[in-house]
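Examination of the molecular architecture
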Amino acid sequence: MLYSLIRSLKCRQVGQVQMQISVNGTAGTPAASGPDAAFISSITDNGTGSYTIILKEAAKIAPFVSGIVPLTDKANGRVTATTTSSITVQFDASDTGAALDADFNIQWQYSSALSYYF
């Protein structure tokens, strides 16, 4: 058991970090909170239900969003764009399909180094 604690972690995706924030999109000005909120430069409200999360430091490759959890009733969220320094998401109402402001949690993989994952 002791020797298993000494070994270094092995991973194909060198430099990958999992990040999570919560966004209050129903507030007047959306803001990030949660464990990685300090890593967020700003959140831009692009119009009803559309938000761009701007990172303080650009990644080596575009972030891979692994989860969006809407906290607003009847909200369906999806990623519409990613760049090395931003993630854009859109929310629609599940019953009408109309754009809908929403609060949500989001998780993504951030790459601080180039690796075999391209």
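Residues numbered from 1 in each chain as written. Predicted model: local features only at pLDDT ≥ 70, side-chain atom pairs only at ≥ 80, totals over all residues. Heavy atoms only, no water.

**Focus on the sheet that holds strand β3 (residues 40–47)**
- Spatially, β3-β4-β7-β6 is the arrangement adopted by the four strands of the open sheet, whose pairing is antiparallel. Strands with a single pairing partner mark the edges of an open sheet, and in this sheet they are β3 and β6 (75–83). Across this sheet, the average inter-strand angle for adjacent strands is 20°, counted without regard to direction.
- Two elements, β3 and strand β4 (residues 50–55), share six bridges in a ladder whose sense is antiparallel. Across the sheet, Asp45 pairs through a bridge with Tyr51, a residue of β4. (Pairing = 2+ DSSP bridges. Helix = DSSP H or I, 4+ residues; strand = E, 2+ residues; numbered from the N terminus. Axes fitted to C-alpha atoms, helices over the stretch in contact; angles between N-to-C directions.)

**As for the packing of aromatic side chains**
- Tallying each qualifying case throughout the model produces four aromatic pairs.
- Each ring, one from Tyr51 and one from Phe104, has its centre 5.7 Å from the other, and the planes form 40°; the classification is tilted. One end of the pair, Tyr51, is in strand β4; the other, Phe104, is in strand β8 (residues 103–111), with 53 residues separating them in the sequence. Residue Tyr51 shares its accessibility class with Phe104, and that shared class is buried.
- Relative to Phe104, the ring of Phe91 lies with its centre 4.7 Å away and its plane at 35°, an arrangement referred to as tilted. Taken as a pair, Phe91 in strand β7 (residues 86–93) and Phe104 in strand β8 lie far apart in primary sequence, 13 residues in all.
- One aromatic cluster is present, built from ring pairs that chain together Tyr51, Phe91 and Phe104. (Phe/Tyr/Trp six-rings, centres within 6.5 Å; stacked < 30°, edge-to-face > 60°. Buried < 20%, exposed > 50% of the residue type's maximum accessible area, 1.4 Å probe, protein only.)

**A look at the side chain of Asp92**
- With respect to the secondary-structure elements, Asp92 resides in strand β7.
- At 3.4 Å, the side chain of Asp92 forms a polar contact with the side chain of Gln90.
- Those residues within four positions of Asp92 in sequence are excluded, and the remaining contacts are Lys74, Ala75, Asn76, Arg78, Gly97, Ala98, Ala99 and Leu100. (Polar contact = N/O pair within 3.5 Å; in protein donor to acceptor, adjacent residues only side chain to side chain. Contact = heavy atoms within 4.5 Å.)

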